[in-house]
Amino acid sequence: MDGEELTEQETALYDRQIRVWGADAQRRLSKAHILVCGINGTTAEFCKNIVLAGVGSLTLVDDRVATEEALSANFLIPCDESVYGGKTLTELCRDSLKDFNPMVRVSVEKGDLSNFGVEFYSNFDVVVISCCSLSTKKLINEKCRKLSKRVAFCTVDCRDSCGEIFVDLQLHKYSKQKLEETIECEQNYPSFEESISVPWKALPRKMSKLYFAMRVIERFEEAEQRKPGEVSIADLPGVLKLKKEFCESQSLKESHIPDALLERLVTDPGEFPPVCPIIGGILGQEVIKAISGKGEPLKNFFFFDAMDGKGIIEDLSNFNTGS
């Protein structure tokens, strides 16, 4: 992302941001290309944040047609049915995002995410996916890691009032301030598959319960061939059965995954709108840090539950995967 300096127009527009994180960080942002696959309320908030921050380009992928249901959490979709009727989520979000910052190129790519070849992802510096199955998350992360250039990979999911972010920056170098001194640091990240393959019994006793609950829901949807979020309260017995099987095979006490938490996640699998800007804001912050190389990045899971208002970072890179 090295190259041209900021133009006079960019310097004037991003003056306040430059005062915060410096001209070099802003230059890196202005040359960065971001891919977002899966449009919902959380990714809409994320897109708004990075467009305002001044990334070079943003490409959106999601062929689903906009529905009235999508209006509840996605503020980028116009409320007038005569405007959104028949259009895809990406087309509507693209048009709205262009108004936030005309200097950012926002485009739409049509097609199935899983069918894009490895080289497609080489066009980007950061890939963010949501509304995707467990197998798709693994597949896209693997494709990003096969490239000769480093492509940061993130997943984000929001169910009910709970949110999860996963980050894979591969080998990431960054600088951080410690008192008056600037320290150069380096961190090595595991892939999504490596992270979720860590045996549960090897994890800390105080590990976020939301981590385990999300894995159970994820596996249930995959086993039942459901789309992400395509569950209901009628599925609770099956989800609890799968939880019991998981806990037995992983030597984990069932109390680590409260039935009440799983019930919440299947009763209302959609997004709770007030949580979207929180998760989208955190993700935006992390992507800006990943691009700019400024500040210590999240490693490698982040969880939020509005019921207690806590945000928890869990690092699953330092555990034996049993391989």
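Up top is the structure these notes are about.
Residues numbered from 1 in each chain as written. Predicted model: local features only at pLDDT ≥ 70, side-chain atom pairs only at ≥ 80, totals over all residues. Heavy atoms only, no water.

**Student:** Just to check I follow, could you spell out the pairing of strand E4 (residues 126-129) for this structure?
**Tutor:** In regular strands, side chains alternate between the two faces of the sheet. Along E4, one buried face is formed by Val126 and Val128 and the opposite face, lined by Val127 and Ile129, is buried too. Where E4 and strand E5 (residues 152-159) come together, four bridges link them in parallel fashion. Along E5, the bridge assignment pairs Val127 with Phe153. In this view, the connection linking E4 to its parallel neighbour E5 by way of helix H7 (residues 134-146) has right-handed handedness. (Buried < 20%, exposed > 50% of the residue type's maximum accessible area, 1.4 Å probe, protein only. Helix = DSSP H or I, 4+ residues; strand = E, 2+ residues; numbered from the N terminus. Pairing = 2+ DSSP bridges. Right-handed = clockwise from strand over helix to strand, strands pointing away.)

**Student:** What should I look at first to understand the packing of H7 against helix H9 (residues 209-223) in this one?
**Tutor:** Pairs of packed helices are described in terms of their axes, by the angle between the two and the distance that separates them. Orientation of H7 relative to H9, taken along the N-to-C sense of each, is 100°, at an axis distance of 8 Å. Classified by the angle between their axes, H7 and H9 sit roughly perpendicular to one another. For the pair formed by H7 and H9, the contact residues are Leu134, Ser135 and Lys137 on the first element and Glu218, Arg219 and Glu222 on the second. Considering only residue class, the contact of H7 with H9 consists of one nonpolar, one polar and four charged. (Axes fitted to C-alpha atoms, helices over the stretch in contact; angles between N-to-C directions. Parallel < 35°, antiparallel > 145°, perpendicular 65-115°, else oblique. Contact = heavy atoms within 4.5 Å. Nonpolar A, V, L, I, M, F, W, Y, C, P; charged D, E, K, R; others polar.)

**Student:** Quick question: what am I supposed to make of the pattern of salt bridges here?
**Tutor:** Once the charged atoms of two side chains with opposite charge are near each other, the side chains can pair. In the structure shown here, the tally under the stated rule is 24 salt bridges. A salt bridge links Lys241 to Glu245; the shortest N-O distance between them is 2.8 Å. Of this pair, Lys241 and Glu245 are both found in helix H10 (residues 236-249), four residues apart, which corresponds to roughly one turn of the helix. Classification of Lys241 by relative accessible area gives exposed; the value is 55%. Among the residues examined, Glu245 registers a relative accessible area of 39% and is labelled partly exposed. (Salt bridge = Lys/Arg side-chain N within 4 Å of Asp/Glu carboxyl O.)

**Student:** Help me out: how do you make sense of the packing of aromatic side chains in this one?
**Tutor:** How two aromatic rings sit relative to each other is given by the distance of their centres and the angle of their planes. A complete count under the given rule lists 13 aromatic pairs for this structure. Measuring from centroid to centroid gives 5.2 Å for Phe166 and Phe192, while their planes differ by 75°, and the two rings are edge-to-face. Residue Phe166 is found in strand E6 (residues 162-168), and its partner Phe192 is found in helix H8 (residues 192-196); the two are separated by 26 residues along the sequence. Relative to Phe212, the ring of Tyr211 lies with its centre 5.4 Å away and its plane at 75°, an arrangement referred to as edge-to-face. The residues Tyr211 and Phe212 share a single accessibility class, namely buried. Within the aromatic cluster, the residues linked to one another by ring pairs are Phe153, Phe166, Phe192, Trp200, Tyr211, Phe212, Phe246, Phe301 and Phe303. Here the basic side chain of Lys299 rests over the ring of Tyr189, its NZ or CZ set 5.4 Å away from the ring centre. (Phe/Tyr/Trp six-rings, centres within 6.5 Å; stacked < 30°, edge-to-face > 60°. Lys NZ or Arg CZ within 6 Å of the ring centre and 35° of its normal.)

**Student:** Looking at this structure, how should I read unusual backbone geometry?
**Tutor:** Among all residues except glycine, the phi angle is most often negative; among peptide bonds, the trans geometry is most common. Following Lys299, the chain continues to Asn300 via a peptide bond in cis, the omega torsion being -15°. Mapped onto the fold, Asn300 is located in the loop between helix H12 (276-292) and strand E9 (301-305). Here the phi dihedral of Gln170 falls at roughly 55°; this positive angle occurs in a residue that is not glycine. If you check the backbone angles, Leu179 has positive phi at about 60° while not being a glycine.

**Student:** When you look at helix H4 (residues 41-53) in this model, what are you seeing that I'm missing?
**Tutor:** Every α-helix winds through 3.6 residues per turn, so residues three or four apart in the chain are directed the same way. The first and last C-alpha atoms of H4 sit 19 Å apart over 13 residues, in line with the 18 Å expected at 1.5 Å per residue. Of all 13 residues that make up H4, eleven are buried, and the element is covered over most of its length. For H4, the complete set of buried residues consists of Gly41, Thr42, Thr43, Ala44, Glu45, Phe46, Cys47, Lys48, Ile50, Val51 and Ala53. Where H4 begins, the capping side chain belongs to Asn40, and its oxygen is found 3.2 Å from the backbone nitrogen of Thr42. Positioned one or two residues after H4, Gly54 has a phi angle of 95°, which is positive. (Expected span 1.5 Å × (residues − 1). Polar contact = N/O pair within 3.5 Å; in protein donor to acceptor, adjacent residues only side chain to side chain.)

**Student:** Help me understand helix H3 (residues 23-30) in this model?
**Tutor:** Of the residues making up H3, those classed as buried are Ala25, Gln26, Arg27, Leu29 and Ser30. Buried residues belonging to H3 abut helix H1 (8-13), helix H2 (15-21), H4 and H12.

**Student:** Just checking my understanding: could you explain the environment of Arg105 for this structure?
**Tutor:** With respect to the secondary-structure elements, Arg105 resides in strand E3 (residues 105-108). On the accessibility criterion, Arg105 (52% relative accessible area) is exposed. With near-sequence residues (within four places) excluded, Arg105 lies in contact with His33, Gly56, Ser57 and Leu58.

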